[in-house]
Amino acid sequence: MPHQTQPKLISGNSNRRLAQAISRRVSMSRGMSVGLVDARVERFNDQEIFVEVFENVRGEDMFIIQSTSNPANDNLMELLIMSDALRRSSAARITAVIPYFGYARQDRRAKARTPISAKLVANMIAVSGIDRVLTLDLHATQIQGFFDIPVDNLYAAPIFALDIRHQFKKLDKVTVVSPDVGGVGRARELAQRIGCALAIVDKRREKAGEVAEMTVIGDVTGQTCIIVDDICDTAGTLCKAADVLLEAGAKEVHSYITHGVLSGPAVERITKSSMKSLVITDSIEPSDAVRKAKNIRIVPTAPMLAQAILNIWNGTSVSSLFDHESLCAIYEGTY
């Protein structure tokens, strides 16, 4: 047990609502108030970022809650500068809680003369003084190897499994669908958790962002299909996959996506699509349009992230959160 009486939480501007929810959950578990550290993260007139921490953090176990979502560069710089401020203020340990890790899709050189930006960002995070990273559903699990510091990668599948069991009573009529061959592992894990069938939508791209052809691998006739993926950006591929599944005989289509990037025309496309619902987490702060959309629903990640923070602070297992029994206890009252 560390000598600190409680973990210290601090938040940037990327997702204050989630940070406050995590703070409340940590307070409930600790039986004492664990508020966000008083600080200001502001910009000068030329848009330089300035951070000032108003509380003593010397010798404290600090947790910076900051997604690197849109605007990715601004939010990433906030994270780095907050880390530098805490390190220079003699914090004992700094953990970056990054619910959505931006630049994760640039994890390899798909073409000549292109960067591996995910590795560059990992280097920047480590150099800034961060000692550990806690994140959710990395786009590719091998990104953990880009870091020379410990990385705890949580998964949304256990939360989705709880939600699916709550929303769909006849699981024998449910089929989990991977929207591409690369996401089969993620879809298989969810299918095993809820004990249902698995199908795949195989897609062929002519160029980035444009899908030329889609085919369904597996029988979805009369089934309620649940598409599962880690990121939904413009939602074009997702909506087209829903149409293909319905054409293949599916009864209805729902989608469970960890990170609702939802840029450009995404919300309009989803609202007008053949999908009955899209379920996302709050790893990225939802816009007003997302909150108002009738067929978009948000599930909370604060209970799991808060418990992961406490486990890291206590020096206990984080992987225990993947167990169904542990997660049911954490989400008691929600499901």
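Anything mentioned here points back to the structure above.
Residues numbered from 1 in each chain as written. Predicted model: local features only at pLDDT ≥ 70, side-chain atom pairs only at ≥ 80, totals over all residues. Heavy atoms only, no water.

> Explanation requested: the overall build of the chain in the structure shown.
If you tally the helices and strands in the chain, you get 10 helices and 14 strands. For 335 residues, the compact-globule estimate of 2.2 N^0.38 gives 20 Å, and the chain sits close to it at 20 Å. Across the 335 residues in the chain, those meeting the buried criterion constitute 52%. In the chain, once contacts between residues fewer than 6 apart in sequence are set aside, the share between residues at least 24 apart is 65%. Looking at the chain as shown, the accessible area adds up to about 15,300 Å², and 48% of this sits on carbon and sulfur atoms. (Helix = DSSP H or I, 4+ residues; strand = E, 2+ residues; numbered from the N terminus. Rg over C-alpha atoms; globule rule 2.2 N^0.38 Å. Buried < 20%, exposed > 50% of the residue type's maximum accessible area, 1.4 Å probe, protein only. Contact = heavy atoms within 4.5 Å. Areas by Shrake-Rupley, 256 points an atom, 1.4 Å probe, with all protein chains shown as cover.)

> What am I meant to see in the nonpolar core here?
Across soluble globular proteins, nonpolar side chains show a tendency to be buried alongside one another. If you look at the biggest cluster of nonpolar residues, it comprises 47 residues, and the most contacted ones within it are Ile22 and Leu154. Here the element with the most residues in this core is helix H9 (residues 302-314); it accounts for 9 residues. Apart from residues no more than four positions distant in its own chain, Ile22 is found in contact with Leu9, Ile65, Ala302, Leu305, Ala306 and Ile309. Ranked by size, the runner-up nonpolar core spans 34 residues in total, among them Ile10, Val53, Met82 and Ala91. (Core = buried A, V, L, I, M, F, W, Y, C linked by side-chain atoms within 4.5 Å.)

> Teacher, can you tell me more about helix H2 (residues 72-88) here?
Three- or four-residue spacings in an α-helix give side chains the same orientation, since the helix completes a turn every 3.6 residues. An ideal rise of 1.5 Å per residue puts 24 Å on 17 residues; H2 measures up with 24 Å between its terminal C-alpha atoms. Listing the buried residues of H2 in full gives Asn75, Leu76, Glu78, Leu79, Leu80, Met82, Ser83, Ala85 and Leu86. Buried-residue contacts for H2 involve strand E1 (8-11), strand E2 (39-43), strand E3 (49-53), strand E4 (61-65), strand E5 (93-98) and helix H3 (117-127). Residue Ser90 follows H2 closely and has a positive phi angle near 70°. (Expected span 1.5 Å × (residues − 1).)

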